[in-house]
Amino acid sequence: MSDPVEAVSAEMRHAKVRAATEHTTVGQVTTTGDGRVSIACACGMDLTNGPTWSLDEHIRLHRAEARFLALAAVAPAGIPRLVRWPL
């Protein structure tokens, strides 16, 4: 009898939760001298608006990238990918 295949969905769910908890905004929005606004992320990065993007867009991209990296790191070997892994 062969060994059962271990499901990775639980591991991927945990990775998604870790990414969400490690990349939450902390503190209050601050305004810089040149009018930009920023807020800190729990990971230590400052998220800031720019000339063509809002603070909200930066937060959404940051969280999406964190989620992608976390999920990609625990995805099963051989799974077809859009992005070559490891980076």
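Residues numbered from 1 in each chain as written. Predicted model: local features only at pLDDT ≥ 70, side-chain atom pairs only at ≥ 80, totals over all residues. Heavy atoms only, no water.

1. A few points about the overall build of the protein chain
Tallying secondary structure elements over the protein chain gives 2 helices and 3 strands in all. Helices (α) and strands (β) of the protein chain occur, in sequence order from the N terminus, as α-β-β-β-α. For the protein chain, whose C-alpha radius of gyration is 17 Å, the value lies well above the compact-globule estimate of 12 Å for 87 residues. For the C-alpha atoms alone, the extent of the protein chain along its principal axes is close to 70 × 25 × 15 Å. The buried share of the protein chain, taken over its 87 residues, is 22%. Put simply, of all contacts in the protein chain between residues at least 6 apart along the chain, 26% involve residues at least 24 apart. Accessible surface for the protein chain amounts to roughly 6600 Å². Of this, 58% is attributable to carbon and sulfur atoms. Taking the average location of the 9 positive side-chain charges in the protein chain and that of its 9 negative ones, the two points are 4 Å from each other. (Helix = DSSP H or I, 4+ residues; strand = E, 2+ residues; numbered from the N terminus. Rg over C-alpha atoms; globule rule 2.2 N^0.38 Å. Buried < 20%, exposed > 50% of the residue type's maximum accessible area, 1.4 Å probe, protein only. Contact = heavy atoms within 4.5 Å. Areas by Shrake-Rupley, 256 points an atom, 1.4 Å probe, with all protein chains shown as cover. Lys, Arg positive; Asp, Glu negative; His and termini not counted. Charge placed at Lys NZ, Arg CZ, Asp CG, Glu CD.)

2. Brief notes about the side chain of Ser38
Mapping Ser38 onto the fold places it in strand 2 (residues 37-41). The buried category is assigned to Ser38, whose relative accessible area is 11%. Apart from residues no more than four positions distant in its own chain, Ser38 is found in contact with Gln28, Val29, Thr30, Leu47, Thr48 and Leu55.

3. Section: helix 2 (residues 55-74)
For helix 2, built from 20 residues, the straight-helix expectation of 28 Å at 1.5 Å per residue is met to within 8% by its first-to-last C-alpha distance of 29 Å. All buried positions along helix 2 are accounted for by Leu55, His58, Ile59, His62, Ala66, Ala70, Ala72 and Val74. Packed against the buried residues of helix 2 are helix 1 (9-22), strand 1 (25-31), strand 2 and strand 3 (46-48). (Expected span 1.5 Å × (residues − 1).)

4. Quick notes on the sheet that holds strand 2
Spatial strand order, 1-2-3: 3 strands in an open sheet with antiparallel pairing. A strand with exactly one partner marks an edge of an open sheet, and here the two such strands are strand 1 and strand 3. Adjacent strand axes in the sheet meet at a mean angle of 25° when their direction is disregarded. As paired elements, strand 2 and strand 3 share 3 bridges and run antiparallel to each other. By the bridge assignment, Ile39 is partnered in strand 3 with Leu47. (Pairing = 2+ DSSP bridges. Axes fitted to C-alpha atoms, helices over the stretch in contact; angles between N-to-C directions.)

5. Examining a nonpolar patch on the surface
A grouping of Phe68, Leu69, Leu82, Val83 and Leu87 is seen on the molecular surface, where their side chains present a nonpolar patch of about 550 Å² in accessible area. Mapping Leu82 onto the fold places it in the segment after helix 2. For Leu82, a relative accessible area of 91% puts it in the exposed group. (Patch = residues over 30% accessible without salt bridge, like charges linked within 9 Å, V, L, I, M, F, W, Y side chains within 5 Å. Salt bridge = Lys/Arg side-chain N within 4 Å of Asp/Glu carboxyl O.)

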